[in-house]
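# Fold and geometry: a report
Here are the chains, one letter per residue:
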Amino acid sequence: MSLLNKPESEMTPQELQKQEEEEFNTGPLSLLTQSVKNNTQELINCGNNKKLLCRVKVFNRHCNLVLENVKEMWTEVPKSSKGKKSRPVNKDRYISKLFLHRDSVIGVLRNPFIAGK
């Protein structure tokens, strides 16, 4: 019987570990696995409408992430005193290490500036 067809409640700890390894290497989390192995930059879209350009150091199956060399980027619209609409301003900041909770993660992309090369 294949591991895919077997309920998790009937699996041995070794079978569960093998299934998890297979999912990390071929499933949706394979992007994060490759990022950690190759130390590549990723672009993470967060729920607060911010983007993080960073390197993924560690992650788990729930998509909690430990990030390094993070450039956080967002856009602000300044408040004007006369009720006029002001031009949006792009802002960013550097964070050396960051824990990102899974609820904040919307999507993960390979660095689009490097992926095309």
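Note that the structure is a prediction, hence the values are computed from the model and not measured. (Residues numbered from 1 in each chain as written. Predicted model: local features only at pLDDT ≥ 70, side-chain atom pairs only at ≥ 80, totals over all residues. Heavy atoms only, no water.)

## Considering the overall build of the chain
In terms of regular secondary structure, the chain is built from three helices and five strands. For the chain, the N- to C-terminal ordering of α and β elements is α-α-β-β-β-β-β-α. A compact globule built from 117 residues would reach a C-alpha radius of gyration of about 13 Å, whereas the chain, at 19 Å, exceeds it by more than 25%. Considering only C-alpha atoms, the chain reaches an extent of 70 × 30 × 25 Å along its principal axes. A total of 117 residues make up the chain; the buried ones form 26% of that total. Once local pairs closer than 6 in sequence are excluded, the contacts in the chain between residues at least 24 apart make up 42%. (Helix = DSSP H or I, 4+ residues; strand = E, 2+ residues; numbered from the N terminus. Rg over C-alpha atoms; globule rule 2.2 N^0.38 Å. Buried < 20%, exposed > 50% of the residue type's maximum accessible area, 1.4 Å probe, protein only. Contact = heavy atoms within 4.5 Å.)

## Thoughts on the nonpolar core
Counting residues in hydrophobic clusters, the biggest one holds 16 residues, and the most contacted among them are Leu32, Ile44, Leu52, Phe59, Leu65, Leu67 and Leu100. Those elements that provide at least two residues to this core are strand 1 (41–46), strand 2 (51–59), strand 3 (65–76) and strand 4 (89–100). Top contributing element to this core by residue count: strand 2, with four residues. (Core = buried A, V, L, I, M, F, W, Y, C linked by side-chain atoms within 4.5 Å.)

## A word on the sheet that holds strand 4
An order of 4-3-2-1-5 is seen for the five strands of this open sheet, with the pairing classed as antiparallel. At either end of the open sheet lies a strand with only one pairing partner, and these are strand 4 and strand 5 (105–110). Across the sheet, the axes of successive neighbouring strands diverge by a mean angle of 30 degrees, strand direction being ignored. In this sheet, strand 4 lies alongside strand 3 in antiparallel orientation, the contact comprising 11 bridges. From the neighbouring strand, threonine 75 faces strand 4, where its bridge partner is asparagine 90. Lying over the sheet, helix 2 (residues 30–38) contacts strand 1, strand 2, strand 3 and strand 5, oriented at roughly 80 degrees with respect to strand 2. (Pairing = 2+ DSSP bridges. Axes fitted to C-alpha atoms, helices over the stretch in contact; angles between N-to-C directions.)

## A closer look at the packing of aromatic side chains
In this structure the tally under the stated criterion is zero aromatic pairs. In this structure, lysine 50 is placed above the aromatic ring of tryptophan 74, and the distance from its NZ or CZ to the ring centre is 4.5 Å. (Phe/Tyr/Trp six-rings, centres within 6.5 Å; stacked < 30°, edge-to-face > 60°. Lys NZ or Arg CZ within 6 Å of the ring centre and 35° of its normal.)

## A word on helix 2
Among the residues making up helix 2, those that are buried are Ser30, Leu31, Leu32, Thr33 and Ser35. On its buried face, helix 2 is in contact with helix 1 (13–26), strand 1, strand 2, strand 3 and strand 5. Phi for asparagine 39, located one or two positions after helix 2, is positive at around 55 degrees.

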